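Okay, here's what each chain looks like letter by letter:
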Amino acid sequence: QVQVMESGGGLVQPGGSLRLSCTTSGSLNGINAIYWYRQAPRQQREVVAISTTGGVIRYADFVRGRFTVSRDDSKNTVYLQMNNLQFSDTAVYLCGAGIYYSGGTIRRIDSWGRGTQVTVSS
């Protein structure tokens, strides 16, 4: 029912910045959270950040202080501002729409975007 699309990836030098966008469309009934994941080559998919309509924002330790999530609900869009990017941030970044309640004890992703490539290289 809900469609998800990411954008904003690209090639950036170490220390540079990118802003990713995650836009949802279709039926948003029951959806209260946007998840940012990433998957680097030969690594597991890992959570980067989570943002809920109730104002809860969570960050993975490896991005805390560098990445910032913001929302524009009028556009059904969640942004991921990525600063001071490092080689280890190279990955496909994926957006998922789902639910996140009770401190994450109740969580589910219903729909995924196809991902956007972020490459950090000198």
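Remember, predicted model here, so these are calculated numbers, not experimental data.

## As for the packing of aromatic side chains
Phase 1: In the structure shown here, the tally under the stated rule is three aromatic pairs.
Phase 2: Where Tyr35 meets Tyr100, the ring centres are 6.2 Å apart and the plane angle is 70°; that geometry is what we call edge-to-face. Pair noted here: Tyr35 is in strand β4 (residues 33-39) and Tyr100 is in strand β9 (residues 91-101), with a separation of 65 residues, a long-range link.
Phase 3: Owing to a relative accessible area of 1%, Tyr35 belongs among the buried residues under this scheme.
Phase 4: Taking the relative accessible area as the measure of exposure, Tyr100 reaches 8% and is therefore buried.
Phase 5: Measuring from ring centre to ring centre gives 5.2 Å for Tyr37 and Trp112, while their planes differ by 75°; the resulting arrangement is edge-to-face. With Tyr37 in strand β4 and Trp112 in strand β10 (residues 106-112), the pair connects residues that are 75 residues apart, well separated along the chain.
Phase 6: Here Tyr37 falls in the buried class, since its relative accessible area comes to 15%.
Phase 7: Through a chain of ring-to-ring contacts, the aromatic side chains of Tyr35, Tyr37, Tyr100 and Trp112 assemble into a single cluster.
Phase 8: Sitting above the plane of the Tyr79 ring, Arg19 keeps its charged end 4.2 Å from the centroid.
Phase 9: Geometry around Trp112 places Arg45 over its ring, the cationic atom sitting 4.7 Å from the centre.

Parameters at a glance
- Residues numbered from 1 in each chain as written.
- Predicted model: local features only at pLDDT ≥ 70, side-chain atom pairs only at ≥ 80, totals over all residues.
- Heavy atoms only, no water.
- Phe/Tyr/Trp six-rings, centres within 6.5 Å; stacked < 30°, edge-to-face > 60°.
- Helix = DSSP H or I, 4+ residues; strand = E, 2+ residues; numbered from the N terminus.
- Buried < 20%, exposed > 50% of the residue type's maximum accessible area, 1.4 Å probe, protein only.
- Lys NZ or Arg CZ within 6 Å of the ring centre and 35° of its normal.

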